[in-house]
Amino acid sequence: MGSVNELAEAVGGKDPVAALAAVAALRRLLEELEAAHVTSARLQGSSWEAIAAALGVKRQTAHRKHAHRIIDGGR
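Owing to the predicted nature of the structure, the values given are computational and were not obtained by experimental measurement.

Draft legend 1. Examining the nonpolar core more closely. Formed by Val-38, Ala-41, Trp-48, Ile-51, Ala-52, Ala-62, Ala-67 and Ile-70, the largest nonpolar core amounts to eight residues. Looking at which element gives the most residues to this core, the answer is helix 3 (residues 48–55), with three residues.

Written out as structure tokens, the structure is:
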């Protein structure tokens, strides 16, 4: 499994084990996308409050999850 289309097809397929594997792969992909966009938002000056609101979480939750991989001069 590789492309998003292949994963989406597997999720809707008849093999429940393959569907679960596809769900896990999609979850990893979404985590990577979220991290990339949070990093981009911080580097462009977005506040943790704005990022948290976009993610539907509290500021502390967003910061705890993402701050460790962002070197941003203490923003």
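Still more ground to cover, so stick around.
Draft legend 2. Fine view of the pattern of salt bridges. Here the structure, examined in full by the defined rule, presents three salt bridges. The salt bridge involving Lys-65 is made with Glu-34; its shortest N-O contact spans 3.0 Å. Placement of the pair is Lys-65 in helix 4 (residues 59–66) and Glu-34 in helix 2 (residues 16–43), with a sequence separation of 31 residues. A relative accessible area of 21% means that Glu-34 is categorised as partly exposed. Of the charged contacts in the structure, one is a salt bridge between Glu-49 and Arg-59, with a shortest N-O distance of 3.8 Å.

About the cut-offs
Residues numbered from 1 in each chain as written. Predicted model: local features only at pLDDT ≥ 70, side-chain atom pairs only at ≥ 80, totals over all residues. Heavy atoms only, no water. Core = buried A, V, L, I, M, F, W, Y, C linked by side-chain atoms within 4.5 Å. Buried < 20%, exposed > 50% of the residue type's maximum accessible area, 1.4 Å probe, protein only. Helix = DSSP H or I, 4+ residues; strand = E, 2+ residues; numbered from the N terminus. Salt bridge = Lys/Arg side-chain N within 4 Å of Asp/Glu carboxyl O.

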